[in-house]
2 protein chains.
Amino acid sequence: MEHVDKLKHTGLKATLPRMKVLELFEHSAQRHLAAEEVYRQMVLLGFDLGLATVYRVLAQFEQAGLLKKSQLGAGRAVYELNDGEQHHGHLVSMTDGAVHEFFDPQIEARLADIAHDKGFEMADYVVTVFGRPR
Amino acid sequence: MEHVDKLKHTGLKATLPRMKVLELFEHSAQRHLAAEEVYRQMVLLGFDLGLATVYRVLAQFEQAGLLKKSQLGAGRAVYELNDGEQHHGHLVSMTDGAVHEFFDPQIEARLADIAHDKGFEMADYVVTVFGRPR
DNA sequence: ATACATGCAAACGATTTGCACTCCA
DNA sequence: TGGAGTGCAAATCGTTTGCATGTAT
């Protein structure tokens, strides 16, 4: 599906900033991008836009289901394309901050069970592992 | 062990603010407290101290192994007594923010394995489940 | 006494918002 | 055209820090 259509489909106007951000996520080497990184990439690519706009666009895209947001640790929040893929965890390297993804149905099932046991319905979960390379 | 001793044992001077904060964690109804909450409790209890001091004391206590820190979601970080208990996950109620704890050795083992498979040594992990009461 | 602690206010990094202006449908 | 989108700067939130003062050992 075309970018324009993807956007219209969500009720968002197909503006230049939004198109560019969407493209960036689809072409970028790294799957996970923080707002600041998106902003810097844009400027680097010669397309100048406001940082505030980046934050707004990212939030809208998350709302629209185009992106998924993950809060890794305290400061940085990263976004990634929402391929409709399974929910996954993140393995963060403590030396360089690199992010690896993993999915484990076993863990997901256990978490749902645990929530259930305590009288809750699991709506979402976050699993982040911090590790040092061997 | 006395509070005074607990502190001295860590190399920290047994000052009034530190004693009070330690007591608060040992007597508070809720196990998990954010810096802001600690601060408000103190003021409420008639003991006036600076918010900056709270942050410093909490950080020192974490260093000293007296408290454990958990970053739940974006903003707030919560601290809890470190009873030397096992590492555990948090189940956060989406309706009222209440925090329940849980520990699952199976999950912990899986996470260590996953990190290992990717060439990392797991140093820490965070598991947070968001759920709605049934 | 003297090194370590504290209070205050200013500095901080990430994110959000008010407002005047610009642009797509 | 008119409402949604944008840029900018100022505001916010949680947290940290510089510096002058206070205090436990």
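Residues numbered from 1 in each chain as written. Chains lettered and ligands numbered in written order. Predicted model: local features only at pLDDT ≥ 70, side-chain atom pairs only at ≥ 80, totals over all residues. Heavy atoms only, no water.

**Q** Teacher, can you tell me more about the pattern of salt bridges here?
**A** Any two side chains of opposite charge can pair, so long as their charged atoms come close to each other. Applying the stated rule across the entire model yields 10 salt bridges over all chains. In this structure, the salt-bridge partner of K6 of chain A is E26 of chain A, at a minimum N-O distance of 2.6 Å. Taken together, the positions of K6 of chain A in helix α1 (residues 3–9) and E26 of chain A in helix α2 (residues 16–27) put the pair 20 residues apart, joining distant regions of the chain. What makes K6 of chain A partly exposed here is its relative accessible area of 24%. Assessed through its relative accessible area of 28%, E26 of chain A is described here as partly exposed. Here R76 of chain B makes a salt bridge to E37 of chain B, at a shortest N to O gap of 3.5 Å. Taken together, the residues R76 of chain B in the loop between β2 (67–71) and β3 (77–81) and E37 of chain B in helix α3 (residues 35–44) connect sequence positions 39 residues apart. Three or more residues joined by partner-sharing salt bridges are found here, namely R31, E80 and E101 of chain A. (Salt bridge = Lys/Arg side-chain N within 4 Å of Asp/Glu carboxyl O. Helix = DSSP H or I, 4+ residues; strand = E, 2+ residues; numbered from the N terminus. Buried < 20%, exposed > 50% of the residue type's maximum accessible area, 1.4 Å probe, protein only.)

**Q** Explain the protein's contact with DNA strand C here, please?
**A** Surrounding DNA strand C, one finds 20 residues, the nearest of these being Y55 of chain A together with T15, R18, T53 and R56 of chain B. Counting only atoms of DNA strand C within 4 Å of the protein, the fraction found in sugar and phosphate groups is 65%. A distance of 3.0 Å separates a phosphate oxygen of DNA strand C from a polar backbone atom of G50 of chain B. A distance of 2.8 Å separates a base nitrogen of DNA strand C from a polar atom in the side chain of R56 of chain B. Secondary structure elements with two or more residues in the surface near DNA strand C: α4 (51–64) of chain A together with α2 (16–27) and α4 (51–64) of chain B. Grouping the amino acids of the surface near DNA strand C by side-chain chemistry returns 9 nonpolar, 4 polar and 7 charged. (Near = heavy atom within 4 Å. Polar contact = N/O pair within 3.5 Å; in protein donor to acceptor, adjacent residues only side chain to side chain. Nonpolar A, V, L, I, M, F, W, Y, C, P; charged D, E, K, R; others polar.)

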